[in-house]
Amino acid sequence: MHNAAFEHLKLDFVFLAFRVTSDELENAVRGACALGIRGLNVTMPHKNSVTEFLDEADPAVKFLGAANTILNQRGRLRGFNTDGVGALKALKNNGVDLAGKKVLLLGAGGAAKAIAFSLAKEVDELCILNRDAVKARDLASVLEPFGKKIVGNELSPKQFQQELQDSNVLINATFVGMTPYASDSLVKPDWLKPELTVMDIVYNPVETKLLRDARASGAKVINGVEMLLYQGAASFEIWTGCKAPVDVMRKAALKQISASEKN
Ligand code: NAD
């Protein structure tokens, strides 16, 4: 999607993927900096450890201890985390007004944490449910100063149904539904309702079981490509200073993902 955007705007950039082992992470980052490479995207498992090599970090990186985007500004490495902003934009640009709303977030891993950090100040209530209840409660308590009402609890069917009743938005930020577990969903179809917006951040497959069930219940659905797109668009703007052509990027991302789904 980045290369499609560079081509569309006729920018002299190219986006390449490199496999980097943990042992070589520092060399890879310093090497990229020495080579004058404008920026990096960093993905699992290096999002946390890469922060050691940054000269500056944005507030999200400081809070999360994880970066997914680096800008090389004449040898100074600035770290950003665009995951949370990406999720927020995916909701807002798909017509979801978060003011006064309750969001139910499933998961307390890296992506969930980034989303929770961005949503905390936007919503009326945020409920985080996770298999490991301690992680959900810990995340809720560190976010407390940023939001109105933030609670964490165990992801049990009973708790889930209870919290879902007065929720406006449900977000799946767990691995459940991702290939090769594409036939799984944490939500029973009859728990879903038309008044709900359901966002799944899993993007492979694009239409998860959760989203199929949500669509059938009459709920509004937002797929994981939207978050992927907007976190990428935010990185693109950091590196290039140009407005990201999101329609071009969405088309390229969907084309690539549907090709990988066929293989
Ligand atoms: P992580 O390992 O940090 O967290 C995984 C979370 O899933 C944990 O909270 C864990 O408890 C939960 N989980 C796993 N299996 C579960 C199960 N069977 N039942 C209940 N909970 C379960 O991973 P992450 O980096 O947060 O990624 C999570 C998902 O989000 C992945 O599918 C990833 O591809 C996706 N993701 C999407 C985007 C995007 O832009 N759309 C960005 C980041 C991550």
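### Overview of the site of the ligand
Residues in contact with the ligand amount to 21 residues; listed here are only the nearest, Gly 110, Ala 111, Asn 130, Met 178 and Ile 201. Gly 109 places a main-chain nitrogen or oxygen 3.3 Å from an oxygen atom of the ligand. Between an oxygen atom of the ligand and a side-chain N or O atom of Asn 130, the distance comes to 2.9 Å. Listing elements by their share of the shell around the ligand, those giving two or more residues are α5 (110-119) and α9 (224-240). When the residues that make up the shell around the ligand are grouped by side-chain class, the tally is 13 nonpolar, seven polar and one charged.

### Here's the deal with the side chain of Glu 163
Topologically, Glu 163 is positioned in helix α7 (residues 157-164). Reaching out from Glu 163, the side chain makes a polar contact with the side chain of Lys 102 at a distance of 2.6 Å. Excluding residues within four positions of it along the chain, Glu 163 makes contact with Lys 102, Leu 104 and Cys 127.

### Thoughts on the environment of Val 103
Structurally, the position occupied by Val 103 is in strand β5 (residues 102-106). Not counting chain neighbours up to four residues away, the residues in contact with Val 103 comprise Leu 98, Leu 119, Val 123, Glu 125, Leu 126, Cys 127, Val 169 and Ile 171.

### What about unusual backbone geometry?
Residues other than glycine predominantly adopt negative phi, and peptide bonds predominantly adopt the trans conformation. Of note, the bond from Met 44 into Pro 45 is cis; its omega dihedral lies within 30 degrees of zero at 10°. Within the fold, Pro 45 resides in the loop between β1 (39-41) and β2 (56-57). Residue Pro 180 follows Thr 179 across a cis peptide bond; omega there is 10°. Along the chain, the position of Pro 180 falls in the loop between β8 (169-172) and β9 (197-200).

### Concerning the pattern of salt bridges
Going through the model one piece at a time under the given rule, you end up with 14 salt bridges. Two residues, Arg 250 and Glu 226, come together in a salt bridge whose shortest N-O distance is 2.8 Å. Taken together, the residues span a long stretch of sequence, with Arg 250 in helix α10 (residues 246-262) and Glu 226 in helix α9 at a distance of 24 residues. Given a relative accessible area of 8%, Glu 226 falls into the buried group.

### Section: empty space enclosed by the protein
All told, the structure shown has one cavity of 30 Å³ or more when counted by the stated rule. Lining the largest cavity we find Val 29, Ala 32, Cys 33, Ile 37, Gly 39, Leu 40, Ile 70, Asn 72 and Leu 77. Here the residues of the lining of the largest cavity sort into seven nonpolar, two polar and no charged.

Rules of the game
- In every chain, residue numbers begin from 1 and rise along the written sequence.
- For this predicted model, a pLDDT threshold of at least 70 governs which residues receive local features, and a threshold of 80 or more governs which side-chain atom pairs are given and counted, while totals over whole chains, interfaces and linings are taken from all residues.
- Hydrogens and waters are ignored; side-chain quantities use all the structure's heavy atoms.
- Only a single heavy atom is needed: when it lies within 4 Å of a molecule or strand, its residue is near that molecule or strand.
- The definition of a polar contact used here is a pair of N or O atoms within 3.5 Å, where within protein one atom must be able to donate a hydrogen and the other to accept one, and adjacent residues in sequence count solely through side-chain atom pairs.
- Each helix is a run of DSSP H or I of at least 4 residues and each strand a run of E of at least 2, with the numbering of both proceeding from the N terminus.
- We call Asp, Glu, Lys and Arg charged. Ala, Val, Leu, Ile, Met, Phe, Trp, Tyr, Cys and Pro are nonpolar, and the rest, Gly among them, are polar.
- Pairs of residues are marked as contacts when any of their non-hydrogen atoms sit within 4.5 Å.
- Take a side-chain nitrogen of Lys or Arg and a carboxyl oxygen of Asp or Glu: if they are within 4 Å of each other, that pair is a salt bridge.
- Exposure classes here rest on a 1.4 Å probe applied to the protein chains alone. A residue is buried below 20% of its type maximum, exposed above 50%, and partly exposed in between.
- The definitions used throughout rest on a 1 Å grid laid over the protein atoms alone, on which a cavity is an enclosed set of points accommodating a 1.4 Å probe that cannot get out and a pocket is an open set flanked by protein within 12 Å on both sides along at least five of seven lines; lining residues are those having an atom within 4 Å of a point.
- Grid points are joined across faces, edges and corners, and a volume is the space filled by probe spheres set on the points.

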